[in-house]
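# Reading the structure
Okay, here's what each chain looks like letter by letter:
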Amino acid sequence: MSKQAQTLDYIEKLNKDVFDKGNAYEYAKGVKRGLSEALVRQISSDKGEPAWMLEHRLRSLAEFYAKPLPRWGIDLSGLDFDKILYYARPGEIKNRQDWNDVPEDIKRTFERLGIPEAEKKVLAGVGAQYESEVVYHSLKKQWQAQGVIFEDMDVALREHEDLVKQYFMKCVPYSDHKFAALHGAVWSGGTFLYIPKGVKITMPLQAYFRMNAPSMGQFEHTLMIVEEGAEGHYIEGCSAPKYGSQALHAGCVEIFVKKGARFRYSSVENWSKDTYNLNTKRGIVDEDGIIEWVGGNMGSCGTMLYPCSILRGRRARADHLGIAFANAGQVQDTGAKIIHAAPDTTSTVLMKSISKGGGVSVYRGLLKILKGAKGAKSQVRCDALILDEISRSNTIPDMQIAENDVSIGHEARVGKIGEQELFYLMSRGLSENEAIAMVVNGFIEPIIKELPLEYAVEMNKLIELEMEGAIG
Amino acid sequence: MLAIQNLSVAVDGKEILKNLSLTIQPGKVHAVMGPNGSGKSTLSNTIMGHPYYEVVGGAVTLNGENILELSVDQRARKGIFLAFQYPKEIPGVPLSSFLRAAYNARLKERGTEALNPIKFRKLLREKMNALSLDASFMNRYVNDGFSGGEKKKAEILQMSLLEPRIAILDETDSGLDVDALRIVAEGIKKTQTPERGTLIITHYQRILHYITPDFVHVMINGTIVKSGGKELAERLERDGYDWIKKECGIAPENDNGLKTIPAAA
């Protein structure tokens, strides 16, 4: 009895306040809440966009109004579209190349998140999105010389319009679902990456996103084009401070992996607990190409996120690795979608979820093998760890297999922290909280070890900091 | 000194240990021997504080302090160590991280500052060298994919690092081939200190060929029925347990598992 109470006490203390501290900021522009055609036109004219982009925005808006809310996944009834701030930008903050030019309060936010430190290390470039505009962006010169483009999306649209036009929302069309349509209408900022043929970037490129206005939506667009034989790794983290009203994140990530190219996309999403995270991420992989998704979902009140790989070239490969962490009041509805559209394509999925304090984690997966994708191979494994009696975990795998000559494995495990494991660890002098934290860290280790160090540290920090507090 | 006085322990309301008394002295090696099901593992788990075992009577004190009120980790930090018969696997946790956390927990208890990872790794390497363990061992996940012998060696490594006052070795010899048994037994001997009281719990006496016990206690039906020196272990090896049962008026069993408890006992 008392043991159970102790476990719950530990869960109570394990929260993310450490990341949920906002800094006050004066918003130069008073943009109205709610969505309208006028707002969409204003965003486009503010940014000085070409006509085709405005047309795309307006078509998307019409689609958004026409499409119903999804009838599956998380409960979206608390989402009030009229109360959301769809577009905002901090006053006078423009693209800056020098850290010294970044305003002090923004610096403090980044420092708390470890950004400058990370920059000093091995990172190739830092694109930090503050509100809807990038305030700090740098790229190592050697890659610039090789033709690599690593830019804020708004800048990319101005300076590389043809390239953007060729790929923008071609992987995730605005007609895909209601939130893709919303994104198409009000998208702002984000990251554009172009790696030319044969160029291999060995260090990870990084961007950090952060929402800081009450009820502010974030609709950043990430577009990455990895040409034939090129290689790269992009990583982004998101953290939002805590405010009293709902915010919405409906970003979009599109990745094109060309023949023989290889790309890894890593993200740590740590939205505050009043944010709905309805993000769409998708990659198209050509012959002999490889896409790798590494993701950690730790925040938000509700997440619906299923990174998708379309394997359209022979021998294309996708690896999906993910962690979802569902705390009190949170639903983490995450998973992976893989479409095998060519012969000898391969995919692997390893998802780990942790539920506690009444949190709900869902693995929702789609594995689709089209007719003709002979020799396709897929391995899916999802492990769930439930830390108490009041939390839940669900697994909803969907398989649509239209080819006989394929190899498929699906494995799902649900577990609790065993009394024997705790007894063993505690018999060496670790407190119950330390023992639980150790088992949890071990559980997510296979994913954590795939992240660059700073991100791995941030992912572990939450648990460890709170553990210290719980013992003291 | 660990003193167990009239200890009675129940599991699911059924009494497994009955009025057991035993004193483990500093610097001495005690062996508790007994047939399967006699309650040997119940004894070791109860001393360590496993919540599954309910103490219904008696006392256990460490240098005069009652430990039955302490949690498992408090007992560990006071210097009680249990080498498990079946060490648990903790996937994803490197042995070195686990041991550093355990070591620093011990230091904290004594009011000493924690060792940083570099100093700790140096210490761990020394301990591993002494036990002829390969350096790669520390980066492996705790007991995950370890062979039976490796698991037992890892237990002895932990004992050598944590320097307990009371070490309980629960069937450490089980499941080991002769070579592994020799290495493990030598490891136990090598890490023995003059202050440490050691309790070896075993079904067979073969580990006692390598470690000479100062005292041998025979446990049957949840209590110590006979104590003596190392010659007692030799006689058990030669003659089995039936002569003791007869001496104590316990009905002989038809198999080696004492699942039925005679009404007379």
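In this text the structure is predicted, and so the values were computed from the model without any measurement. (Residues numbered from 1 in each chain as written. Chains lettered and ligands numbered in written order. Predicted model: local features only at pLDDT ≥ 70, side-chain atom pairs only at ≥ 80, totals over all residues.)

### Here's the deal with the interface of chain A and chain B
Facing 20 residues of chain A, the contacting portion of chain B comprises 22 residues. Secondary structure elements with two or more residues in the side of chain A that touches chain B: α10 (419-426) and α11 (432-448) of chain A. (Contact = placed C-beta atoms within 7 Å. Helix = DSSP H or I, 4+ residues; strand = E, 2+ residues; numbered from the N terminus.)

### Notes on unusual backbone geometry
The phi dihedral of B:Asn63 falls on the positive side, at around 45°, and the residue is not glycine. Of note, B:Asn143 is a non-glycine position whose phi angle comes to about 60°, a positive value.

### With respect to helix α1 (residues 40-48) of chain B
Residue pairs three or four apart in sequence face the same way in an α-helix, which turns once every 3.6 residues. Residues and elements named next belong to chain B. In terms of residue burial, α1 counts as a mostly covered element, since 8 of its 9 residues are buried. For α1, the set of buried residues is Lys40, Thr42, Leu43, Ser44, Asn45, Thr46, Ile47 and Met48. The positive-phi residue at the C-terminal boundary of α1 is glycine 49, with phi of around 100°. (Buried ≥ 20, exposed ≤ 12 C-beta atoms within 10 Å, placed from the backbone.)

### Concerning helix α6 (residues 178-191) of chain B
All names here are of chain B. Between the first and last C-alpha of α6 there are 20 Å, a value that for 14 residues agrees with the 20 Å anticipated at 1.5 Å per step. Regarding α6, the residues found buried are Leu181, Val184, Ala185, Gly187, Ile188 and Thr191. Along the long axis of α6, the arc covered by the buried residues comes to 155°, so they all point the same way. Looking at α6, the residues exposed on the side facing more than 90 degrees away from the buried face are Val178, Asp179 and Lys190. (Expected span 1.5 Å × (residues − 1). Arc of directions from axis to C-beta.)

### Some points on the pairing of strand β4 (residues 54-62) of chain B
Residue and element names in this part refer to chain B. Across 7 bridges, the pairing between strand β1 (residues 2-11) and β4 is antiparallel. In the sheet register, leucine 2 faces β4, and the bridge partner there is leucine 62. Once β4 ends, the chain turns through 2 residues before running back antiparallel as strand β5 (residues 65-66), passing asparagine 63 with a positive phi of about 45°. (Pairing = 2+ DSSP bridges.)

### So, the confidence of the model for chain A
Residue and element names in this part refer to chain A. Per-residue pLDDT for chain A has a mean of 80; in total, 74% of the residues score no lower than 70. Ignoring residues within four places in sequence, the model shows residues 115-137, a span with pLDDT below 50, making 80 contacts including any to other chains. Predicted confidence is poor over residues 209-216, with pLDDT under 50, and the contacts of this stretch with residues over four places away or in other chains come to 36 contacts. (pLDDT = per-residue confidence, 0-100.)

### Concerning the sheet that holds strand β2 (residues 14-24) of chain B
Residue and element names in this part refer to chain B. Spatially, the 4 strands line up as an open sheet ordered β2-β1-β4-β5, and their pairing is antiparallel. The sheet terminates laterally at β2 and β5, the two strands that pair on one side only. Running over the sheet, α1 touches β1, β2 and β4 and is turned about 70° from β2. (Axes fitted to C-alpha atoms, helices over the stretch in contact; angles between N-to-C directions.)

### Describing the domain arrangement of chain B
Residue and element names in this part refer to chain B. When cut into domains, chain B gives domain 1 (2-87 + 146-248) and domain 2 (91-145). Distance between the C-alpha centres of domain 1 and domain 2: 24 Å. Contacts between the two partners involve 14 residues from domain 1 and, on the opposite side, 16 residues from domain 2. Here the element with the most residues in the side of domain 1 that touches domain 2 is helix α5 (residues 148-162); it accounts for 9 residues. For the side of domain 1 that touches domain 2, the class distribution of residues is 7 nonpolar, 3 polar and 4 charged. (Domains from an automatic or database assignment. Nonpolar A, V, L, I, M, F, W, Y, C, P; charged D, E, K, R; others polar.)

### So, the nonpolar core
Core analysis: the biggest nonpolar cluster contains 188 residues, and A:Met438 and B:Ile168 have the highest contact counts within it. Looking at this core, the element that brings in the most residues is α11(A), giving 10 residues. Looking at this core, you find at least three residues from each of domain 1 (2-87 + 146-248) and domain 2 (91-145) of chain B. Beyond its immediate stretch of four places on either side in the chain, B:Ile168 contacts B:Ser44, B:Ile47, B:Phe81, B:Leu82, B:Ala83, B:Leu199 and B:Ile201. (Core = buried A, V, L, I, M, F, W, Y, C linked by C-beta atoms within 7 Å.)

### Some words on the sheet that holds strand β11 (residues 215-220) of chain B
All names here are of chain B. One open sheet accounts for 6 strands, arranged β6-β9-β10-β3-β11-β12; its pairing is mixed. Here the strands that pair on one side only, and so sit at the sheet edges, are β6 (80-83) and β12 (223-228). When the angles between neighbouring strand axes are averaged without regard to direction, this sheet yields 20°. The strands touched by helix α7 (residues 230-239) are β3 (29-33), β11 and β12; relative to β11, the strand with the most contacts, the crossing angle is about 45°.

### Comments concerning the environment of B:Gly229
Residue and element names in this part refer to chain B. By the secondary structure assignment, glycine 229 is in the loop between β12 and α7. Here glycine 229 falls in the exposed class, since 12 other C-beta atoms lie within 10 Å of it. Linking glycine 229 and valine 55, residues 174 residues apart in sequence, is a C-alpha distance of 29 Å. Setting aside residues no more than four positions away along its own chain, glycine 229 makes contact with Phe215 and Val216.

### Focus on the packing of helix α3 (residues 51-66) of chain A against helix α9 (residues 178-186) of chain A
Residues and elements named next belong to chain A. In contact at an axis separation of 7 Å, α3 and α9 are set at 150° when each is read in the N-to-C sense. With respect to each other, α3 and α9 are oriented roughly antiparallel. Note that α3 runs across α9; the crossing there is left-handed. Where α3 abuts α9, its residues His56, Arg57, Ser60, Leu61, Glu63 and Phe64 lie against Lys178, Ala181, Leu182, Gly184 and Ala185. Taken together, the residues that form the contact of α3 with α9 break down as 5 nonpolar, 3 polar and 3 charged. (Parallel < 35°, antiparallel > 145°, perpendicular 65-115°, else oblique. Left-handed = near helix turned anticlockwise from the far one by under 90°.)

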